[in-house]
Amino acid sequence: MAKDLMQAVPGIDQLLRLESAAPLLAAYGRELVIESLRVVTARLRNSLADQGEAALPGAANEPILEAAGRYLAGLMMPSLKPVFNLTGTVVHTNLGRAPLPPVAIEAMTAVARGASNLEFDLATGRRGDRDTHLEPWIRRLTGAAAATAVNNNAAAVLLVLNTLARHKEVIVSRGELIEIGGSFRIPDVMSRAGARLREVGTTNRTHPADFEQNINPKTAILMKVHTSNYLVEGFTAAVSEPTLGAIAHRHELPFIVDLGSGALVDLTRYGLPHEPTVAETLGNGADLVMFSADKLLGGPQAGIIAGRADLVERIRRNPMKRALRIDKMTTAALAAVLRLYTDPDRLIERSVTLRLLTRAQADIEAQAYRLRPVMETALGGAASVEIVPCRSQIGSGAQPAELLPSAALSIKPPAGRGSGRSLERIGAAFRHLPIPIIGRIQEGTFLLDLRCLEDETGFLAQIARLDVGGGNS
Ligand SMILES: *Cc1c(COP(=O)(O)O)cnc(C)c1O
């Protein structure tokens, strides 16, 4: 009986010859279509074994090909895709950090399409250097004598330490031995760079004498790390950059600063909290400054090293530079973003990151009022929707406190037993949309901070597809 049922499952060859298999073959190619038919017919045999004749309708040609089509569509769906970042963290490392401005995307596309003069000097017809596309802009914007760029700021720190302090000592304040996002820890990077860390001072207080007294013949550099993702408050003391620079220079040692996010312009002019700028840090005596291009700067993932020409030259000659270099698309995007900084008056409109960071609360709130009725309809009574004030944060270590007044849709399941699970289910429903919507759970509600919602049309276009289960289906 079971055996007879199995006879109902058509063979792969037979299925491939069907006319309705042609579109699948055209879209996905023979190998994948065969894979899909094997998977679907194997499942079918399992169903027949379990359910007997009840599963028989699935064994017809058309249902099998339809199931194969669904399998293939799912398989070929890109796993990396756009999402709506409504977490309230503007520069969100797990969500890809800074959104790029259109000019950067156009610049990337232009060089991605074919050959470019990435390392080719068009004036002489000889070999060029990819840094020439970036260095003049970084020099202009920071006052640095020289600059180069690598894969990210972690790579920048690694490369600087390896170049200047291999087999030697680096003096850092104990209060600055930070960890960022679990995978970047100053002590670990230091040892991988082949440098020895000499921690001085205490967690909360470090004095100039702590540095002075620890300088010895093995000392290679003095280093300062911008403690971007936490605050030491209360009875604290840190050595200022000018003082540290002066101590280093008195001993003829370079003074380097890992600025983390860093900024190229004074952000207070846009009403944002002050972040140390690269120019300020260099002005305070830093010989090299390392910072990320995809944090506050609002560019693609890269790490920039700016400062003294002789030191940058040594860094360029380190074979590790080659392993850490950036590609043509990043170079193109970064150069385009850097050019935007030449006009700080219009930067806010042009840099997507700064535009989002400076969005007025009233504007965000007005958007919340527009979206609320649509959201209520989509949720169909499964949860209530309120408009609440909230605070967004810059993210990626810049200014750890939540500072930016914003507005959110607060989605709340009915109170009572299982409301925690309902909250999880609501979050999951938003994540399962074609363009996933990522919010945050806070004090018993699912919060959508609208600060980063620019594509309102795209958001609305899919919200009707929300399926929170229960109430609306
Ligand atoms: C973010 C950060 C880094 C790491 O930068 P990536 O660009 O993520 O590699 C290093 N140091 C500090 C102080 C940071 O804030």
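Residues numbered from 1 in each chain as written. Predicted model: local features only at pLDDT ≥ 70, side-chain atom pairs only at ≥ 80, totals over all residues. Heavy atoms only, no water.

Colleague: Mind showing me how you'd approach the overall build of the chain here?
Modeller: Of the regular secondary structure elements, the chain holds 20 helices and 17 strands. Its C-alpha atoms give the chain principal-axis dimensions of roughly 90 × 60 × 40 Å. In the chain, which comprises 473 residues, the proportion classed as buried is 49%. Taking as baseline every contact in the chain between residues at least 6 positions apart, the subset at least 24 positions apart corresponds to 73%. Working note: accessible area of the chain is about 22800 Å², and carbon and sulfur atoms make up 51% of it. Counting 52 positive and 49 negative side-chain charges, the chain places the averaged centre of each group 4 Å from the other. (Helix = DSSP H or I, 4+ residues; strand = E, 2+ residues; numbered from the N terminus. Buried < 20%, exposed > 50% of the residue type's maximum accessible area, 1.4 Å probe, protein only. Contact = heavy atoms within 4.5 Å. Areas by Shrake-Rupley, 256 points an atom, 1.4 Å probe, with all protein chains shown as cover. Lys, Arg positive; Asp, Glu negative; His and termini not counted. Charge placed at Lys NZ, Arg CZ, Asp CG, Glu CD.)

Colleague: Would you mind showing me how to read the environment of Ala209 here?
Modeller: Take Ala209: it is sitting in helix H10 (residues 208-214). Ala209 gets classed as partly exposed once you look at its relative accessible area, which sits at 36%. Sequence separation of Ala209 and Ile364 is 155 residues, and the distance between their C-alpha atoms is 50 Å.

Colleague: Whenever I open this one, the site of the ligand confuses me. Can you help?
Modeller: Near the ligand there are 13 residues, and of these Arg97, Ala154, Asp258, Ser292 and Lys295 occur at the shortest range. Asn153 is positioned such that a nitrogen or oxygen atom in its backbone is 3.1 Å from an oxygen atom of the ligand. In the model, an oxygen atom of the ligand is placed 2.7 Å from a nitrogen or oxygen of the Ser292 side chain. Coverage of the ligand by the protein chains reaches 95% of its 380 Å² of free accessible surface. (Near = heavy atom within 4 Å. Polar contact = N/O pair within 3.5 Å; in protein donor to acceptor, adjacent residues only side chain to side chain.)

Colleague: Looking at this structure, how should I read the nonpolar core?
Modeller: Generally speaking, nonpolar side chains in soluble globular proteins are found buried as a group. Membership of the largest hydrophobic core comes to 59 residues, with the highest contact counts inside it found for Leu222, Phe291, Leu297, Leu334 and Tyr341. For this core, the leading source of residues is helix H15 (residues 328-340), giving eight residues. Summarising the domain contributions, this core has at least three residues from each of domain 2 (84-92 + 355-463) and domain 3 (102-350). In this view, Phe291 contacts Asn153, Leu259, Gly260, Ser261, Leu264, Val278, Leu297, Ala302, Gly303, Ile304 and Ala306; residues no more than four positions away in its chain are not counted. Among the nonpolar cores identified, the runner-up in size contains 32 residues, and Ala146, Leu161, Val170 and Phe184 belong to it. (Core = buried A, V, L, I, M, F, W, Y, C linked by side-chain atoms within 4.5 Å. Domains from an automatic or database assignment.)

Colleague: Please explain the sheet that holds strand S12 (residues 303-307) as it appears in this structure.
Modeller: Strands sit in the order S4-S12-S11-S10-S9-S5-S8 across an open sheet of seven strands; the sheet is mixed. Of all strands in the sheet, those with a lone pairing partner are strand S4 (146-150) and strand S8 (196-200), marking the two edges. The average undirected angle you get between the axes of adjacent strands in this sheet is 25 degrees. Relative to strand S10 (residues 255-260), strand S9 (residues 219-225) is paired through four bridges, and the arrangement is parallel. The residue of S10 that forms the bridge with Leu222 is Phe255. Along the sheet, helix H8 (residues 153-165) makes contact with S4, strand S5 (169-173), S9, S10, strand S11 (288-292) and S12, crossing S11 at roughly 155 degrees. Strands in contact with helix H13 (residues 309-317) are S4, S11 and S12; relative to S4, the strand with the most contacts, it is inclined by about 30 degrees. (Pairing = 2+ DSSP bridges. Axes fitted to C-alpha atoms, helices over the stretch in contact; angles between N-to-C directions.)

Colleague: Please clarify how the packing of H8 against H13 should be interpreted in this entry.
Modeller: One can describe the packing of H8 onto H13 by two numbers: an axis separation of 9 Å at closest approach and a directional angle of 100 degrees. Between H8 and H13, the crossing angle belongs to the class labelled roughly perpendicular. Here Leu159, Val160, Thr163 and Leu164 of H8 lie close against H13, whose contacting residues are Leu311, Arg314 and Ile315. Looking at side-chain class alone, the contact of H8 with H13 contains five nonpolar, one polar and one charged residues. (Parallel < 35°, antiparallel > 145°, perpendicular 65-115°, else oblique. Nonpolar A, V, L, I, M, F, W, Y, C, P; charged D, E, K, R; others polar.)

Colleague: Can you help me understand the side chain of Glu169 in this one?
Modeller: In this structure, Glu169 sits in strand S5. Take Glu169: its relative accessible area is 6%, and that puts it in the buried class. Of the polar contacts made by the side chain of Glu169, one reaches the side chain of Asn216; its length is 3.0 Å. Each residue touching Glu169, except ones within four places of it in the same chain, is listed here: Arg196, Arg198, Asn216, Lys218, Thr219, Ala220 and Ile221.

Colleague: I tried to follow the domain arrangement of the chain on my own but got confused; where do I start?
Modeller: Accessible area lost upon the coming together of the parts is a frequently used measure of interface size. Examined at the domain level, the chain breaks down into domain 1 (2-76), domain 2 (84-92 + 355-463) and domain 3 (102-350). Spacing between the C-alpha centres of domain 1 and domain 2 amounts to 41 Å.

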